[in-house]
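# Observations on the three-dimensional arrangement
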Amino acid sequence: MTTAAPTRGRTAIRSGVAGQHPSLHSFHPNERRALQRIDWGARSSAAFYRSLEAALDRGSESGSVDPVRNPYTPGAGQHPPELAGREREIQRFGVLLERVAHGRPERGVILTGPRGSGKTVLLNTFRSMAVQRTWGTGRIEARPGRSVRQPIAAAVRTALRALAPRHRAPERIEHALGVLASFARAGTGDGSDRAAQAGPRRGPGTDAAAVPGRADSGDLETDLSELLLDAASVAADLGAGIALFVDELQDVPAADVSALCAACHELAQNGGPLVLVGAGLPHLPAVLSAGKGYSERLFRYARVDRLSRSAADHALTAPALAEGARFDADALEALYEASGGHPFLVQAYGKAVWDLALRSPITADDVRSAVSEADEELAVPPASPEHRDRRPRGPVAFPPDREVPGSP
Ligand SMILES: Nc1ncnc2c1ncn2[C@@H]1O[C@H](COP(=O)(O)OP(=O)(O)OP(=O)(O)O)[C@@H](O)[C@H]1O
Ligand SMILES: [Mg+2]
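Residues numbered from 1 in each chain as written. Chains lettered and ligands numbered in written order. Predicted model: local features only at pLDDT ≥ 70, side-chain atom pairs only at ≥ 80, totals over all residues.

## Some details on unusual backbone geometry
Leave glycine aside and you will find that most residues have negative phi; peptide bonds, for their part, are mostly trans. With omega at 0°, the peptide bond leading from Ser-360 into Pro-361 counts as cis. The topology assignment puts Pro-361 in the loop between α15 (343-356) and α16 (364-378). Phi is positive for Ala-215, close to 60°, though the residue is something other than glycine. The phi dihedral of Glu-248 falls on the positive side, at around 55°, and the residue is not glycine. Summarising the element assignment, Glu-248 is placed in the loop between β3 (242-247) and α10 (254-270). (Helix = DSSP H or I, 4+ residues; strand = E, 2+ residues; numbered from the N terminus.)

## Describing the nonpolar core
Membership of the largest hydrophobic core comes to 70 residues, with the highest contact counts inside it found for Val-156, Leu-160, Leu-180, Leu-227, Ala-231, Ile-242 and Leu-260. Beyond its immediate chain neighbours, meaning those up to four positions away, Leu-160 contacts Gly-136, Ile-173, Ala-176, Leu-177, Leu-180, Ala-231 and Val-234. Ala-84, Ala-315, Ala-338 and Val-353 belong to the second-largest nonpolar core, a separate cluster that totals 33 residues. (Core = buried A, V, L, I, M, F, W, Y, C linked by C-beta atoms within 7 Å. Buried ≥ 20, exposed ≤ 12 C-beta atoms within 10 Å, placed from the backbone. Contact = placed C-beta atoms within 7 Å.)

## Some points on the environment of Arg-104
Positionally, Arg-104 belongs in the loop between α4 (87-101) and β1 (108-112). Under the C-beta neighbour-count criterion, Arg-104 is labelled exposed, with 12 such atoms within 10 Å. Along the backbone, Arg-104 and Pro-273 are 169 residues apart, and their C-alpha atoms lie at a distance of 8.5 Å.

## Thoughts on the pairing of strand β2 (residues 136-141)
Among the six residues of β2, five are classified as buried, and the element is accordingly described as predominantly covered. Where β2 and β3 come together, six bridges link them in parallel fashion. Across the sheet, Thr-137 pairs through a bridge with Ala-243, a residue of β3. (Pairing = 2+ DSSP bridges.)

## Overview of the sheet that holds strand β4 (residues 274-280)
The strand order across the open sheet built from five strands is β2-β3-β4-β1-β5, with neighbouring strands paired in parallel fashion. At either end of the open sheet lies a strand with only one pairing partner, and these are β2 and β5 (299-303). Each strand axis lies, on average, 15° off the axis of its neighbour in the sheet, ignoring direction. Relative to β4, β1 runs parallel, the two being bridged by four bridges. Within the sheet, the bridge partner assigned to Thr-112 lies in β4 and is Gly-280. Sheet strands in contact with helix α5 (residues 119-132) are β1, β2, β3 and β4, and its direction is about 170° off that of β3. (Axes fitted to C-alpha atoms, helices over the stretch in contact; angles between N-to-C directions.)

## Some words on the confidence of the model for the protein
Summarising the model, the protein shows a mean pLDDT of 82, and 76% of its residues fall at 70 or more. Per-residue pLDDT stays below 50 along residues 1-22; that stretch engages in 43 contacts with residues further than four places along the chain or on separate chains. Within the model, pLDDT remains below 50 along residues 380-408, and this stretch shows 47 contacts once partners closer than five positions in the same chain are excluded. (pLDDT = per-residue confidence, 0-100.)

## Structural notes on the environment of Leu-332
With respect to the helices, strands and loops of the structure, Leu-332 is situated in helix α14 (residues 329-339). For the pair formed by Leu-332 and His-314, sequence separation is 18 residues and the distance between their alpha carbons is 9.9 Å. Here Leu-332 is in contact with Asp-313, Leu-316 and Phe-327, once residues within four sequence places are set aside.

## Regarding the environment of Thr-73
Inspection of the secondary structure assignment puts Thr-73 in the loop between α3 (45-60) and α4. Residue class for Thr-73 comes out partly exposed when judged on the 18 C-beta atoms lying within 10 Å of it. In this structure, the C-alpha to C-alpha distance between Thr-73 and Gly-350, residues 277 residues apart in sequence, is 8.6 Å.

## Here's the deal with the packing of α4 against α5
Viewed as axis vectors pointing N to C, α4 and α5 meet at an angle of 35°, and their least axial separation amounts to 10 Å. α5 is crossed by α4, and the crossing has right-handed handedness. Residues Glu-89, Ile-90, Phe-93, Gly-94 and Leu-97 of α4 touch α5, and the partners they reach there are Leu-122, Thr-125, Phe-126, Met-129 and Ala-130. (Left-handed = near helix turned anticlockwise from the far one by under 90°.)

## Quick notes on helix α6 (residues 149-163)
An ideal rise of 1.5 Å per residue puts 21 Å on 15 residues; α6 measures up with 21 Å between its terminal C-alpha atoms. All of the buried residues along α6 are Arg-149, Pro-151, Ile-152, Ala-153, Ala-155, Val-156, Arg-157, Ala-159, Leu-160 and Leu-163. Where α6 is buried, its residues touch β2, α7 (170-185), α9 (220-237) and β3. (Expected span 1.5 Å × (residues − 1).)

## Overview of α7
Taking 1.5 Å per residue, 16 residues should reach 22 Å; α7 reaches 22 Å between its end C-alpha atoms and fits that length. If you check which residues of α7 are buried, you get Ile-173, Ala-176, Leu-177, Gly-178, Val-179, Leu-180, Ala-181, Ser-182, Phe-183, Ala-184 and Arg-185.

Written out as C-alpha cells, the structure is:
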C-alpha cells in the first residue's frame, strides 16, 4: 500500500504551505478508504488481486467503530473526552483553591505552552473546579491591542452574580456591583470628575448605581486594585473566593499587563481571596516580567506540553473503550510516533483513524492510512491577515514534534 510519509502534514503545518491534494480526494471517504487498502504497486497481479479482495472483504464487515460515535475532539479549546496527563496540575490547583478560601497566601497560576498543547482546556478545567467549590468565576480571552478594562469588568460581574444569591447582606453585593459600575464607566471616556458631578449613574452592563470615587480614577492600576479588593472581600464573607481566568494573556497590551500585575501584588498583600489564572504562549513569562519585574514572585508558572507515551495512550484508549473499541499495541505505537504526544495531534489522528477504521481492534495499518489522510487535511493554507485572528489556532503554527524543549 502506498501512503504518504506521516510527517508531511506536520511539516506543512509548520511552514504554512498548503498540501497538494491527490486525486483520491474526489472520492467519497468510504471509497477512498477501500482504494487506499489496495496495493496499487503490487509486484504481481496475484498480489494485487489479493489486496483487492482483502479491501473488499473489510469493506463488507460491520465494525464497532461507528463514525457517528467518534469520541475524539480536535479543535481549539475543545474539551477532550479524557484529559490525560494533567493530574498533577489539577491536584495542585485543588490545593490552591482550598488554601485561598482559608485565607492562606497563594500565587496565581500562569499556564504556558505552544499552540495546541492544551492550555485552554486546562484553564477551563480549573474554572470548573472553582465553580464546584462555589467560588465566583469569570473568564476572558485577551485580544491584541484591546484594553482589559471592559472584559475584566464583565468577568468580575459574572463572578459577583454567582456569589450574590448566597450572600446574606445584599447591600454588600450592591456596593461591589456599584464599584464595578464605576470601574466600567471610567473606561468609557466619561471622565471621573464629570461622572462624580453627574451623581450616581449606571455603569455599562449593570443595574447597580456607580459608586463615585471608587475604582473610577481612569488609571487602570489603581482602579483594578480597588475593584478586585472590594470583589474579593464579598467572596471572603462567604468563605469562598473569586477566580479570574485570562486566556491568551500574552495579547494583553503592555500597560494593562503591568496594571494587572500591580493589582495582584496589592491583593496578595491584603490577603484577599482572589486568584488570577492566565494562559498563553511560551514567551508569556517574558511579557509579564517586562510588565512588572516582580511577576516571577506573583505567579507560579506551569508548563503545559506534550503528553508522555502512557498519557497519550490513555487519551486514545479510554474514550475508545467507552465505545467498546480498542487499539492494537502497534497502532498505539504508530500513533505516538506520528503525534509525538502533542495533544491536538493526538485528537486529530485519533479522530481520523476512528473514521477510517472499519472495525475494532484498530490496527497499525489503519493508523498509517489515517495519519497520511489527516496530514493532508491539516495542511491548510495560511489565512489572509484580516482573518488571522478568527482562524482556529490548533492546527496552524503548530510546533515541531521533536524539538519542544522540556518535553517528556
Ligand atoms: N490533556 C489532554 N489530553 C487529551 N487531549 C487534550 C489534552 N489537552 C488538550 N487536548 C486536546 O488538544 C487540543 C488543543 O487544546 P487547547 O485548545 O486547549 O490548546 P491550547 O494550548 O489552548 O492551544 P492554542 O494555543 O492554540 O489556544 C484540543 O483538541 C483538545 O481536545
Ligand atoms: Mg487556547
